Each structure stands twice: as C-alpha cells, then as structure tokens.
Protein chains: 2
Amino acid sequence: MPVTLDTVRELDRRDPLAHFKARFALPEGVLYLDGNSLGAQPLAAREALATTRDQWRDELIKGWNQGWFDAPERLGNLLAPLIGAGPGEVIVTDNITLNLFKLLGYITESRGRVRPVILSEGGNFPTDGYIAQGLCRFARLEHRVLPEGAELADHLDDRVAAVVLSQVNYRTGRLRDMAATTELVHEHGAEIVWDLAHTAGALPVDLHGSGARYAVGCTYKYLNGGPGAPAFLYVHRDHQGGGWQPLSGWHGHAAPFAFDADYAPAPGITRFRTGTHSALSYAPLEASLRLWQEVDMAALRDKSLALSELFRDGLADLLEAEGIADITPPAAERGSQVALIEREHGYAIVQALIARGVIGDYREPGLMRFGFTPLYLSHEDVWQAARHFREVVENREYLEARFKVRSEVT
Amino acid sequence: MPVTLDTVRELDRRDPLAHFKARFALPEGVLYLDGNSLGAQPLAAREALATTRDQWRDELIKGWNQGWFDAPERLGNLLAPLIGAGPGEVIVTDNITLNLFKLLGYITESRGRVRPVILSEGGNFPTDGYIAQGLCRFARLEHRVLPEGAELADHLDDRVAAVVLSQVNYRTGRLRDMAATTELVHEHGAEIVWDLAHTAGALPVDLHGSGARYAVGCTYKYLNGGPGAPAFLYVHRDHQGGGWQPLSGWHGHAAPFAFDADYAPAPGITRFRTGTHSALSYAPLEASLRLWQEVDMAALRDKSLALSELFRDGLADLLEAEGIADITPPAAERGSQVALIEREHGYAIVQALIARGVIGDYREPGLMRFGFTPLYLSHEDVWQAARHFREVVENREYLEARFKVRSEVT
C-alpha cells in the first residue's frame with residue numbers, strides 16, 4: 001500500500017467533513033462502500049421517525065394538517081439548494097419510474113406530440129428505459145435507444161421530443177457535462193430529463209446554471225433518506241405552466257379539498273403529485289435533508305475524489321498484476337464511485353469482502369462497484385477497505401465454495 | 001338517550017371483539033370516529049417500525065434481501081383473505097390513483113382499445129375520476145361520467161371498456177351489491193374496477209364469489225396501516241396474463257436484477273409493481289395485517305352495524321328536532337359510517353366535537369361523517385360520542401366564533 005496508515009489518519013485529522021461521521025448510526029465492524037445503493041442512517045432520522053410514529057398515535061387524522069400533507073413541497077425546498085434549483089422547483093414524491101412517466105408525458109403533451117420520439121440510453125439504469133417503453137407503447141409514441149457510447153448529436157433528429165439521460169452512469173460512474181449536453185439537446189429542439197440518482201448528494205449539481213429544465217432523482221442513496229425513500233422531481237419554474245401530467249390525482253389538484261368533479265392541475269410543481277403519500281417515509285428523509293443543509297458541497301466533492309483516488313492508488317499494482325480492469329473514469333468525469341471489472345470472480349470477490357464486513361456491490365456482468373460517501377467514510381475506512389480487498393484477492397479467499405453461488409442483490 | 005349506559009356496558013362485556021381494543025395505541029380522552037380517514041395505531045405497528053428502522057441501520061443494503069423487496073407480494077397475500085381473494089392475486093404498492101391508472105391502462109390495452117370509453121361515477125371520491133380523466137386525455141380515450149344516482153345499465157353501451165365504481169361511497173356510506181353490479185357490467189361486455197377504499201377492513205368482501213376481476217383499495221383507513229400506507233391492487237388470477245400495464249418499471253420486470261435492456265412483464269401480479277418502494281411504509285401495515293388474520297369478519301360486520309345503529313338511535317329525536325338530515329343508508333346497504341347533513345352548521349358542529357375529543361370529519365357541502373371501527377371502538381365509546389353530539393347541538397356550542405372558520409382537513 002503506497003500510503004501509510006499514519007498518513008491517512010493525518011488526512012482524517014485535517015478533514016473538514018470528519019465531524020459528520022458521528023451524526024450517523026453505523027453498525028460496528030462494517031466498512032460501508034455501498035452508500036450509492038442505500039445510504040446509511042442519520043441519527044436524526046431515527047428521532048424523526050419516532051416523532052412521526054407518535055404523531056400518528058396521538059394526533060391521528062390531524063397529523064395531515066401538522067406537516068404531513070405539505071411534506072412533498074417542504075422537502076423539495078430543502079433538497080433544491082443541493083442540486084442548484086430554487087424554491088418551488090423541486091417536489092419529493094413517488095419513485096423515479098413514476099416521475100419519469102409524468103415528465104415525459106407532460107413534455108410530449110405540452111408539445112402537442114408533433115415530435116413522437118422518446119430517446120433513452122443504452123447502458124443506463126434499466127427502469128429509465130422500461131418506463132420510456134411503457135409510455136411510448138401506451139401513448140402510441142416511438143421509443144428509441146441511444147446505443148451505449150454513441151454520440152448523442154447523431155441521434156437527435158427533428159422527431160425527437162425528449163431524451164432521458166443519467167448524469168452519472170450507475171455502472172461506470174461516468175459523469176456527463178450537464179450544461180453542454182443540455183445545450184446540445186435544446187439546440188436540436190428537444191427536451192432533456194436528467195436522472196440524478198447517482199448525482200444528488202454525491203457531488204455539486206447546478207441545474208439552473210446548466211440550463212436544465214427537467215430532472216428526477218433518488219433520495220435513498222447519497223442523500224440517506226432511508227430504504228426506498230420517495231424520489232424527487234424538478235421542473236424549472238419557467239416550464240411549470242405546460243398543462244397536465246398524465247398521472248393526475250387528487251393531491252396534484254388545484255383545490256384537493258374542494259372535491260370538484262373535474263381535475264384542474266395545481267399551480268406550480270404541486271401538479272406533479274398524484275395521491276396520498278406515506279408520511280412515515282418522509283420523516284427520516286426530512287431529518288437527513290436538514291443535515292445536508294450544513295454540508296459544503298465543494299468540500300464534499302474534494303473529499304469524494306480524494307477517497308476514490310485513495311482506494312484506487314492502494315490497489316493499482318494489485319489490479320494490474322491480477323488483470324482486474326479499473327474502468328473508473330478520470331476525476332473530472334467521475335461521480336463518487338470506483339468501478340472494477342472481473343468477469344470470472346467479481347461476484348465471489350464482492351461476497352468475500354462482505355464476509356469481512358466490507359460492503360460493496362456487484363452488478364452483472366463482472367462489475368464490482370464501490371461507492372464513496374464523504375459524510376460517513378473516513379480516509380482510514382477507505383484505506384482499510386483497500387487492505388481487505390488486497391488480502392481477499394492475494395489470499396484467493398474468493399475461491400471458497402460459499403462465495404460462488406450468485407444471488408440477487410438490489 | 002334511549003339506551004342506558006348500563007346497557008352499553010353490558011354489550012361491551014358480551015362483545016367477542018372487545019379484546020382487540022387493547023392491541024391499539026389510542027390517545028387518552030379521544031373518541032375516534034374517523035378511522036375511515038386514518039386508522040388508529042396497532043401497538044404491533046410501533047414495534048414493527050422500530051424493527052425495520054434498526055434493520056436499515058444494522059443490515060444496510062442487505063435489508064432488501066431480508067423481507068423488504070418481497071413486501072408487496074407478502075403483504076398482498078396477507079390482505080387477500082380479508083377481501084375474498086386468493087394467493088398471488090393481491091399486491092400492496094403505490095397509491096390508489098396510480099393503481100387505477102395501471103388497471104385501466106392494462107384493461108384498455110389488452111382489449112386493443114376496440115372500446116374507447118372509461119366510465120367513472122359522479123359523487124365518487126374525486127381522485128378516481130381525476131385519474132380516469134388523465135388517462136383518457138393522455139391515451140386519446142374517451143372519459144364519461146355516470147351521473148350520481150343514475151342507473152348504471154343505462155350508461156353501458158358497446159363503447160364502454162371499463163367502469164370504475166366504489167363499493168362504498170365515501171360520503172353517504174352507501175354499499176353497492178358487488179356481485180349484481182359486476183355481472184351487469186360483464187353482461188355489457190365491459191370490465192369493472194372496484195374501489196374498495198371504504199370497504200376493506202370495514203365489512204366482509206368476497207371478490208371471487210362476486211365474480212370481480214379487478215380492484216384497488218386503501219390500507220390506511222380501516223386496515224390501520226399508517227398515514228398514507230401503500231394501497232393494494234387485485235387482479236383475478238385468470239386475468240393476469242393480459243400483457244403490459246403502462247407504468248412499467250424495474251420492480252415489475254420478469255428479471256429485475258438481470259438489468260435487461262428491454263422490459264418484460266413479470267408473471268402474475270408482480271407486473272403491477274413500478275419502482276423502488278419505501279420499506280418503512282410497509283412495516284406497520286404488515287403488523288396490522290397480521291392482527292387482521294385473527295379477526296372474524298362476520299363478527300366485525302355485526303358489531304359495525306350495531307355501533308352505527310347505536311349512534312343513530314341515540315340521536316334520532318335530536319336530529320329530527322334540529323332538522324339535521326340522517327342520510328345513512330339502511331343496514332343492508334351501509335358501509336361502516338353514519339352520514340349527517342347540516343349545511344349551515346355542519347362544519348362548526350364537527351369542530352366543536354373535536355374540541356371535546358370526539359373526532360369525526362367534515363366534507364363539503366354540509367356532510368358530517370362518522371366512521372365506526374369495531375376493533376378499537378366500544379359500545380360505550382359510541383354512546384359517549386352520541387352524548388357529546390347531543391350536548392354540542394343542544395347547547396349551541398358550535399356557535400362559538402372559533403368554530404366558524406373553515407380549514408382544510410384531509
């Protein structure tokens with residue numbers, strides 16, 4: 001290991017974000033490099049959940065007037081500054097799949113379907129393509145796929161209404177240039193919906209500064225909102241007057257308690273709500289988003305890159321000797337993860353690491369994914385994780401029979 | 001009051017469901033007649049929520065393999081016997097609005113849109129009409145409304161593909177004959193989607209015995225799953241092979257962890273899942289559904305009707321004297337609520353009752369709604385609630401200024 005333990009401990013002493021680690025409930029003996037799948041639990045989230053649980057018991061139906069009903073907008077406003085959005089531009093609701101359906105439906109409807117094509121990207125997280133397929137099939141639109149690695153410009157003709165792209169690829173961690181890509185799509189007369197699942201809370205995002213009009217994203221990964229916490233949806237304020245979104249339910253109505261016979265979309269971002277949401281699912285996320293208000297996003301980015309580099313540097317010679325490919329993009333084009341490919345033993349290596357308490361994840365085919373979450377990972381944690389990786393590989397621990405059976409992991 | 005306190009206490013002593021009340025966490029000094037809006041909290045729900053919270057902390061991503069991922073199907077199978085469905089026919093997911101969109105889209109698609117009309121009913125809970133409007137607008141179908149009180153048969157022509165009806169009306173509490181109505185709709189070559197929001201957990205339901213093929217419903221009312229707990233969706237096993245539902249996300253895919261490029265619907269009821277769900281929102285509902293396994297639904301129905309009759313009998317003379325209309329249907333056509341109309345003072349009466357700890361709710365215009373939940377309401381509770389109602393009205397307590405301003409209550 002080229003960096004010594006003394007060195008990483010010194011890095012931790014000088015780390016301006018080090019104090020956040022004590023704000024998380026982390027299990028003993030675990031080095032958690034899977035915060036890009038499910039974020040760890042903020043201590044404040046535990047309290048918030050207990051508060052809402054007791055509010056249900058004590059206030060019963062009155063709880064809806066005591067913060068539950070407005071949670072989608074209130075949490076959206078807490079999330080907005082983390083992604084470069086303004087008040088009233090973000091709402092926390094439903095899941096990414098549903099939010100993509102709403103935005104793609106809203107965009108195609110408000111443009112009168114003059115352009116019939118939705119373009120999703122090969123190699124993106126599959127649900128983005130699945131819901132584009134579902135929408136196109138149902139609305140008699142045309143679904144096209146941008147092949148992985150292809151030039152976007154070559155696939156933007158005058159039939160493309162909307163493009164769905166992830167800013168950070170879930171497999172490779174590759175980061176797109178949001179401003180340049182948004183400009184390119186707009187120049188071709190189309191709209192782009194950004195999927196920020198692996199961006200929000202992982203690095204600074206500037207939706208406004210990038211000219212972005214539409215985005216969705218996830219709150220249970222880097223934002224630490226809890227397992228399956230509700231997703232978010234962003235629409236630039238200048239593009240909120242475009243009419244209906246197809247999933248028009250009572251919580252998105254202009255006057256939900258008037259019980260009018262006909263639907264009328266609420267003004268602003270509220271029209272993207274559907275029906276009644278789980279109050280309990282918002283409580284831990286709200287506590288986590290309040291913690292996030294204290295985070296310096298530039299310092300977060302610095303530490304994120306320092307951690308991923310520390311991990312890669314600690315393993316570079318081993319990976320080369322073992323023929324394990326490090327496909328992690330260079331720092332400027334990287335999200336907050338390291339991606340290694342070992343087609344034969346990748347799954348077993350990840351399982352052997354888990355047996356040692358080092359949690360990463362595995363995605364077919366051959367991808368070992370390690371996420372770096374600067375709020376609760378120290379430099380020493382990452383150094384130790386690299387040491388475990390080295391020992392697992394050098395000692396061939398992954399060849400044990402119990403690591404050879406593949407199972408499903410989300 | 002025609003019935004004495006001694007009498008109702010004797011009824012409680014003989015009540016076979018009386019023991020369930022101790023299984024709920026009920027606030028002191030509250031008589032809760034709004035379990036038809038939000039059910040009270042089972043004690044076991046508190047423990048279940050704490051368990052899932054700690055599972056997030058301790059197991060992190062592994063929690064998805066320890067019961068979180070399969071919760072929609074597992075809870076669906078727990079719910080099925082309460083509504084006369086079989087294993088694999090019910091899934092707990094998303095909300096009613098979204099589940100209606102899925103079913104209406106699925107029905108129209110699987111029929112090739114030969115019939116273009118979706119019929120929803122006037123006077124139903126508005127979101128059922130709103131989502132039918134959204135779907136028709138988006139899919140270029142035709143939305144029609146069955147006027148309140150009209151004969152369904154008169155509105156079933158050969159252009160109607162699907163009808164959405166509530167089994168119990170949320171305002172009046174009127175109960176439809178599910179078997180006869182289902183048969184009528186099928187005879188006209190259409191499908192019917194039943195909304196069981198005010199039925200499930202309120203009275204016995206026999207979906208199979210009634211010939212019903214499609215239904216949705218709510219778990220946060222009579223089923224006590226927690227504020228905004230996920231909704232359910234039922235499809236008869238013989239009708240699960242009809243292809244895609246429009247909200248096709250990765251959790252509804254045949255192989256969600258294969259990360260295939262193209263969507264392929266999962267076999268069976270799983271195809272009605274969309275994306276990642278909140279594990280925390282399922283925990284209290286699962287605990288509540290386990291409690292429900294112990295409930296004799298026939299005894300529940302008997303007690304439900306006894307309680308609503310007790311309330312009405314206790315107020316009959318007063319209502320007549322005061323000109324307050326009791327529009328509660330006769331027992332055989334009643335859900336589990338009492339509906340009173342007082343257009344001028346209804347809102348203020350409900351507020352004055354709330355000030356006394358008697359929680360009912362108010363819906364414009366003029367409707368005072370009182371729900372009867374046999375698991376945690378005693379005969380004495382209902383007798384005392386009627387006494388409070390009498391005193392509020394006889395003493396004109398509702399004329400106090402503080403009860404005159406209307407606010408939004410879900």
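Keep in mind that what you see is a predicted model, and the values were worked out from it rather than measured.

**Student:** How do you make sense of the relation of the copies chain A and chain B when you look at a structure like this?
**Tutor:** Relating the two copies of this chain is a rotation about some axis coupled with a shift parallel to it. Of the transformation superimposing chain A on chain B, the axial component is 0.0 Å and the angular component is 180 degrees, with the fit at an RMSD of 0.0 Å. With respect to symmetry, the two chain copies, as superposed, fit the operation of a two-fold axis. The residues that chain A uses at the interface reappear at the interface of chain B in 100% of cases, marking a shared surface.

**Student:** How do you make sense of the UniProt feature "modified residue: N6-(pyridoxal phosphate)lysine" (unreviewed entry) in chain A when you look at a structure like this?
**Tutor:** All names here are of chain A. The UniProt feature table records "modified residue: N6-(pyridoxal phosphate)lysine" (unreviewed entry) at K221. Mapped onto the elements, K221 comes out in the loop between β9 (214-217) and β10 (232-235). Looking at K221, the relative accessible area reads 10%, which means it is buried. Contact partners of K221, with chain neighbours within four places excluded, come to G35, N36, S37, L38, G39, A197 and H198.

**Student:** In this structure, what is going on with helix α2 (residues 43-59) of chain B? I would like to understand it.
**Tutor:** Because an α-helix packs 3.6 residues into every turn, residues spaced three or four apart end up facing the same way. Residue and element names in this part refer to chain B. Taking 1.5 Å of rise per residue, 17 residues should cover 24 Å, and α2 covers 24 Å from first to last C-alpha, within 8% of that figure. Considered for burial, the residues of α2 that qualify are A45, R46, A48, L49, T52, R53, Q55 and W56. Positive backbone phi, approximately 50 degrees, marks L60, located one or two places after α2.

**Student:** How do you make sense of the nonpolar core when you look at a structure like this?
**Tutor:** Where a protein is soluble and globular, its nonpolar side chains tend to be buried together. One finds I83(A), L207(A), I83(B) and L207(B) to be the most contacted residues of the largest nonpolar core, which totals 196 residues. Each residue touching I83(B), except ones within four places of it in the same chain, is listed here: V90(B), L196(B), A200(B), V205(B), D206(B), L207(B) and F232(B).

**Student:** Quick question: what am I supposed to make of the pattern of salt bridges here?
**Tutor:** Pairs can form between side chains of opposite charge once their charged atoms are near each other. All chains considered together, the criterion is met by 69 salt bridges over all chains. D54(B) is the salt-bridge partner of R46(A), the closest N and O atoms lying 2.8 Å from each other. Of this pair, R46(A) sits in helix α2 (residues 43-59) while D54(B) sits in helix α2, which puts the two residues in different chains. The exposure class of R46(A) is buried, given its relative accessible area of 16%. The exposure class of D54(B) is partly exposed, given its relative accessible area of 22%. Between R369(B) and D361(B) there is a salt bridge, and its shortest N-O distance comes to 2.7 Å. Classification of D361(B) as buried rests on a relative accessible area of 2%.

Parameters at a glance
- Residues numbered from 1 in each chain as written.
- Chains lettered and ligands numbered in written order.
- Predicted model: local features only at pLDDT ≥ 70, side-chain atom pairs only at ≥ 80, totals over all residues.
- Heavy atoms only, no water.
- Least-squares fit on C-alpha atoms with pLDDT ≥ 70 in both.
- Contact = heavy atoms within 4.5 Å.
- UniProt positions renumbered as here; feature names shortened; annotations may be inferred.
- Helix = DSSP H or I, 4+ residues; strand = E, 2+ residues; numbered from the N terminus.
- Buried < 20%, exposed > 50% of the residue type's maximum accessible area, 1.4 Å probe, protein only.
- Expected span 1.5 Å × (residues − 1).
- Core = buried A, V, L, I, M, F, W, Y, C linked by side-chain atoms within 4.5 Å.
- Salt bridge = Lys/Arg side-chain N within 4 Å of Asp/Glu carboxyl O.

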